[in-house]
Amino acid sequence: MAIELVKDNKIWYDNFMKILAIESSCDETAAAVIGDSGVILSNVVVSQVDIFAAYGGVIPEVAARSHLEAILPVVHKALDDARLTKDDIDYIAVTYAPGLLGSLLIGTLTARMLAILWKKPMYAVHHLKSHIYANWLRNAEESGADVPQFPLIALVISGGHTQIIYMSAHNKFEIIGTTRDDAVGECFDKVAKILGLPYPGGPAIAKCAAGLDGGCVGDSMKYKLPHPKIDGLDFSFSGLKTAVLRAVQADCGLPITTPSYELAQHLSDQQRADFAAAFQATACDILLEKLQIALQGHPEARSVVFAGGVSANQVLRQKALEGQKMGSNGIFGRGDIETYFPEPKFTGDNAAMVGAAAYFEILNGVKPVDPYHLNILPRTPIR
Ligand code: KG4
Ligand code: ZN
């Protein structure tokens, strides 16, 4: 789709679909305007991470209250940044599942109200689907960008989910592997607490391991941490978290009865960095091993897409690229597979990905939802 011209001092795309998308499932209040093929016209994210860093995690009631304060200014800014008004918008899209109940309510009530008042068709999008569709987002100047091909295998790795999802086509999902206990992002967050690092734990562990927090550079080989013994494509991360706990206790010469919140004060900077590096490398290896098994079971797959907050991890990206070079056959022993990671700023929660997911629903003939009767579903599998 060619971008036509700048008209009347605002960007104007001839015959160009424009979707106003809203996301508020956890602790980011976000709105974006997305055009045809997932082109980003604006993207606004207000994060509550500074509030929750002080508590060491998200407090649902506080998150809902913060969404309420931020949502309308965020929607206005998304329209202003795109240099559009409500009249230019063709569709409204919103996250309706899964997530925190109060947080989802603020986003969906806002979207429902706007859809009714502005008389726009509305699309309700599953959050994990949005994370996957972050791989289709593109800037206007990249309109011919390379996109994932079907069938594909998606590795969805966030704070609440760790799943391998097979997609035969747009909007067709089959969960072929899932975690039996903690999500990998949750494991990063819990291990960070043990090591005395701030929330959210993923970026804090990555920085600490690389010495980017002003400390030492970690040695990922210093501690050998176990891989779970689970056949097939399911994951388990609670054992890895406990293994870090026990290894820290042992390395500091403390009894196993020492509570986890007392351990950090006993760690030297070098120990903390080594544990961060060893844990990060092990978590990434576990993810990539299962992905490789999934690829072996699906020789027809043409692409691998990574999705969710943990896909920002640079060690994971590097290891996946090394996997691509592995042997003479390309990624994970397969020469015919292309790997996709979202741009780092679209790995965490944002509304641009919601707009991209809605775009491919609209394109494939999915019917809009009734804004008078949209229910939120805090716990429901991808659909
Ligand atoms: O997708 P997301 O923003 O929110 C959910 O839908 O859950 O994912 C948040 C998770 C957190 O657990 C956070 O620690 C993790 O993603 N995360 C990372 C990194 N950045 C965020 N984990 C590892 N490495 C990172 N660089
Ligand atoms: Zn998310």
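Use the structure listed above.
Attention here is on the structure that accompanies the text. Owing to the predicted nature of the structure, the values given are computational and were not obtained by experimental measurement.

What follows concerns the coordination of the zinc ion (ligand 2). Octahedral six-donor coordination of a metal ideally yields angles of 90 or 180 degrees, compared with 109.5 degrees for tetrahedral four-donor coordination. Every protein donor of the zinc ion (ligand 2) is listed here as His127 (NE2), His131 (NE2) and Asp349 (OD), and their distances to the metal cover 2.0 to 2.1 Å. Coordination at the zinc ion (ligand 2) is tetrahedral: its four donor atoms span angles of 94 to 134 degrees at the metal. The class for His127 is buried, based on a relative accessible area of 8%.

On to the site of ligand 1. As a structural note, the neighbourhood of ligand 1 is formed by 19 residues, with Gly159, Asp189, Gly202, Gly309 and Asn313 the closest of them. Take Gly160: an N or O atom from its main chain is 3.5 Å from an oxygen atom of ligand 1. A distance of 2.9 Å separates an oxygen atom of ligand 1 from a polar backbone atom of Gly309. In isolation ligand 1 has 550 Å² of accessible area, and contact with the protein removes 85% of it. Among the secondary structure elements, those contributing two or more residues to the shell around ligand 1 are α4 (127-133), α5 (184-195) and α6 (201-210). Within the shell around ligand 1, the residues separate by chemical class into five nonpolar, twelve polar and two charged.

Each strand in a sheet pairs with another by means of backbone hydrogen bonds, the pair being arranged parallel or else antiparallel. The strand order across the open sheet built from five strands is β5-β4-β3-β6-β7, with neighbouring strands paired in mixed fashion. Lying at the two open borders of the sheet, with one neighbouring strand each, are β5 (39-47) and β7 (122-126). With direction set aside, neighbouring strand axes in the sheet form an average angle of 20 degrees. Here strand β3 (residues 18-23) pairs with strand β4 (residues 28-35) via six bridges, running antiparallel. Residue pairing for β4: Ile22 is matched across the bridge by Ala31.

Right, let's get into the pairing of β7. For β7, the buried fraction is high: five of the five residues fall into the buried class. For the crossover that starts at strand β6 (residues 91-97), traverses helix α3 (residues 101-118) and ends in the parallel β7, the hand is right-handed.

Enumeration according to the criterion identifies ten aromatic pairs in this entry. A centroid spacing of 4.1 Å and a plane angle of 10 degrees characterise the contact between Phe306 and Phe341, whose relative ring orientation is stacked. Of this pair, Phe306 sits in strand β11 (residues 303-307) while Phe341 sits in the loop between β12 (338-340) and α10 (352-363), and the two are 35 residues apart along the sequence. Ring centres 4.9 Å apart and planes at 85 degrees place the aromatic pair Tyr359 and Phe360 in the edge-to-face group. Considered together, Tyr359 and Phe360 belong to a single accessibility category, that of buried residues.

Here the focus is the nonpolar core. If you look at the biggest cluster of nonpolar residues, it comprises 51 residues, and the most contacted ones within it are Phe237, Phe279 and Phe306. Taken together, the elements giving at least two residues each to this core come down to β8 (152-157), β9 (162-167), α5, α6, α7 (238-251), α8 (269-297), β11 and α9 (314-325). Ranked by the residues each element gives to this core, the list is headed by α8, at 14 residues. Judged by nonpolar contacts, the second largest core, of 39 residues, contains Ile34, Ala154, Tyr340 and Val354.

Reading across from one edge, β10-β9-β8-β11-β12 is the order of the five strands in this open sheet, with mixed pairing throughout. Strands with a single pairing partner mark the edges of an open sheet, and in this sheet they are β10 (174-178) and β12. Recorded for the sheet is a direction-independent mean angle of 20 degrees between the axes of neighbouring strands. Across six bridges, the pairing between β8 and β9 is antiparallel. Within β9, the residue paired with Ala154 across the bridge is Ile165. The strands touched by α8 within the sheet are β8, β9, β10 and β11, with β8 carrying the most contacts at an inclination of about 160 degrees.

A few words now on the pairing of β11. In terms of burial, β11 is largely enclosed, as five of its five residues are buried. Residues Ser303, Val305 and Ala307 point to one face of β11 and Val304 and Phe306 to the other, with burial holding for every one of them. Looking at chain direction, β8 and β11 are connected through five bridges and run parallel. Among the inter-strand pairings, Ile153 is bridged to a residue of β11, identified as Val304. Bridge count for β11 against β12 is three bridges, and the pairing is parallel. Among the inter-strand pairings, Val305 is bridged to a residue of β12, identified as Tyr340.

The rules behind these values
- Residues numbered from 1 in each chain as written.
- Chains lettered and ligands numbered in written order.
- Predicted model: local features only at pLDDT ≥ 70, side-chain atom pairs only at ≥ 80, totals over all residues.
- Heavy atoms only, no water.
- Donors = N, O, S within 2.8 Å, 3.2 Å for Na, K, Ca; no water.
- Tetrahedral: all angles 85-135°; square planar, octahedral: opposite > 155°, others 65-115°.
- Buried < 20%, exposed > 50% of the residue type's maximum accessible area, 1.4 Å probe, protein only.
- Near = heavy atom within 4 Å.
- Polar contact = N/O pair within 3.5 Å; in protein donor to acceptor, adjacent residues only side chain to side chain.
- Areas by Shrake-Rupley, 256 points an atom, 1.4 Å probe, with all protein chains shown as cover.
- Helix = DSSP H or I, 4+ residues; strand = E, 2+ residues; numbered from the N terminus.
- Nonpolar A, V, L, I, M, F, W, Y, C, P; charged D, E, K, R; others polar.
- Pairing = 2+ DSSP bridges.
- Axes fitted to C-alpha atoms, helices over the stretch in contact; angles between N-to-C directions.
- Right-handed = clockwise from strand over helix to strand, strands pointing away.
- Phe/Tyr/Trp six-rings, centres within 6.5 Å; stacked < 30°, edge-to-face > 60°.
- Core = buried A, V, L, I, M, F, W, Y, C linked by side-chain atoms within 4.5 Å.
- Contact = heavy atoms within 4.5 Å.

By themselves, these observations are geometric and do not establish any function.
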